[in-house]
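Structural overview for review
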Amino acid sequence: MGRRRRGALSRRQDSARPRVAVIGAGSWGTTFGKILADGGAHVTMWARRPELAGEIQEGKRNSEYLPGINLPRDMHATHHLSEALEGAEQVYLSIPSQAVRQNLKAVRPLIAKTDAPIVSLMKGVERRTGLRMSQVIEQELGCDPARIAVASGPNLALEIAREQPTAAVIASTSQETAEAVARRARNKYFRTFVNTDVIGTEFGGVLKNLIAVAIGIVDGVGYGENTKASIITRGLVEMTDFAVAFGAQPETLQGLAGLGDLIATCQSPLSRNNTAGRLLGQGYRFDDVVKQMNQTAEGLASVAPILQLAREVGVQMPIVEQVKMVLDGTMNPRDIAPHLTTDDDTPQGERTQNGQAGGGGALWRSIQRALDQFRNGGRGAAGDRP
């Protein structure tokens with residue numbers, strides 16, 4: 001009798017938890033589901049493959065993408081999209097960027113009568129159109145942009161799944177939506193800040209992947225820390241110039257979605273883009289690299305559309321240009337030195353083209369501001385506000 005009462009109480013407590021859906025059960029989708037469940041939500045994952053959904057549902061494991069990680073009791077999974085979305089108060093999308101549009105066609109009728117926020121966990125642009133993920137979501141779901149949010153930051157999935165503390169930023173054109181998602185997506189090891197610069201936040205997550213491929217290439221060749229530090233620093237300049245040209249705020253690229261994500265992705269062997277670059281640097285052909293990768297390296301698919309967008313607005317991206325040459329097989333990886341590329345021999349200033357974000361003082365202030373945020377529990381942030 002006591003056991004039945006405890007079971008009924010457990011079911012009532014479970015039904016009282018806010019319901020969220022995570023579409024996509026790869027490493028990042030599953031990790032974000034864990035973040036949400038550890039923050040108090042009732043989480044239902046959607047996995048394309050029934051066997052993966054079954055492992056998460058029954059075994060509370062995802063051994064293919066997160067080996068050795070035990071998932072929370074409040075994480076559930078299904079391969080039926082309608083079941084995952086039923087009653088969801090927030091919907092999180094974690095699908096390879098080139099497959100988003102197709103998947104959203106199936107999602108649209110299932111959320112047509114709800115006003116649930118739609119949160120992109122994806123860091124890529126659509127190859128055919130050059131659109132950011134939030135733009136694809138808006139098109140395919142036909143929803144108000146104020147319902148859409150994006151999450152970004154230095155977020156290597158396996159480290160977070162192991163509950164190593166980190167932070168992210170939630171961006172939406174609606175401050176209310178950003179704050180609602182940030183309140184849900186936080187727990188003792190995962191801290192969320194907010195901003196309303198969706199353009200900067202999304203492009204930061206896309207562009208750092210391209211710089212990480214470059215870092216992987218020079219690492220695979222065998223170049224050392226000076227080369228990598230130069231590329232990271234000048235890479236941040238390219239990222240900022242590009243994003244600002246499309247309407248981003250330069251300080252966003254100095255925050256978690258820009259500098260923070262760039263550092264994490266470039267220095268970690270857990271980074272798929274870094275790994276892909278390292279294989280290229282070791283002499284593997286592009287097709288062979290794609291075959292060896294167990295998961296999608298978004299940077300490889302984003303190089304061409306980003307360069308096309310850069311040319312349209314007149315932004316120079318020598319690092320990304322040389323990455324494309326390596327991908328195309330027109331440059332030997334050993335010859336890559338994108339931070340040394342200039343149009344002529346005239347000495348250049350170190351600042352960005354927009355003149356706001358590349359100086360050492362601005363960079364130091366952004367780092368100091370981030371440190372202050374963590375010391376003060378997130379209070380007093382000028383850009384990514386908690």
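In what follows, the accompanying structure is described. (Residues numbered from 1 in each chain as written. Predicted model: local features only at pLDDT ≥ 70, side-chain atom pairs only at ≥ 80, totals over all residues. Heavy atoms only, no water.)

1. Structural notes on the pairing of strand 1 (residues 19–23)
- Taken across its five residues, strand 1 has four buried, putting it largely inside the fold.
- Relative to strand 2 (residues 42–46), strand 1 runs parallel, the two being bridged by five bridges. The residue of strand 2 that forms the bridge with Val-22 is Met-45.
- The handedness of the strand 1 to strand 2 crossover, carried by helix 2 (residues 27–38), is right-handed.
- In the sheet, strand 1 pairs with strand 4 (residues 90–93) via four bridges, with the strands oriented parallel. When the bridges of strand 4 are listed, Ala-21 appears paired with Val-91. (Buried < 20%, exposed > 50% of the residue type's maximum accessible area, 1.4 Å probe, protein only. Helix = DSSP H or I, 4+ residues; strand = E, 2+ residues; numbered from the N terminus. Pairing = 2+ DSSP bridges. Right-handed = clockwise from strand over helix to strand, strands pointing away.)

2. Observations regarding the pattern of salt bridges
- One pass over the full model with this rule turns up 16 salt bridges.
- The residue Lys-208 makes a salt bridge to Asp-261 at a minimum N-O spacing of 3.7 Å. Within this pair, whereas Lys-208 is found in helix 9 (residues 198–221), its partner Asp-261 is found in helix 12 (residues 256–267), the two being separated by 53 residues in sequence. Summarising the burial analysis for this pair, Lys-208 and Asp-261 share the class buried.
- Salt-bridge contacts for Lys-324 lead to Asp-328; the nearest nitrogen and oxygen are separated by 2.7 Å. Note that Lys-324 and Asp-328 are positioned in helix 16 (residues 318–328) at a spacing of four residues, about one turn of the helix. (Salt bridge = Lys/Arg side-chain N within 4 Å of Asp/Glu carboxyl O.)

3. As for the sheet that holds strand 1
- The strand order across the open sheet formed by eight strands is 3-2-1-4-5-6-7-8, and the pairing between neighbours is mixed. With one partner strand each, in any of the chains shown, strand 3 (75–78) and strand 8 (190–195) form the two edges of the open sheet. For this sheet the average axis-to-axis angle between neighbouring strands, irrespective of direction, equals 25°. (Axes fitted to C-alpha atoms, helices over the stretch in contact; angles between N-to-C directions.)

Worth remembering: the numbers are spatial, not functional.
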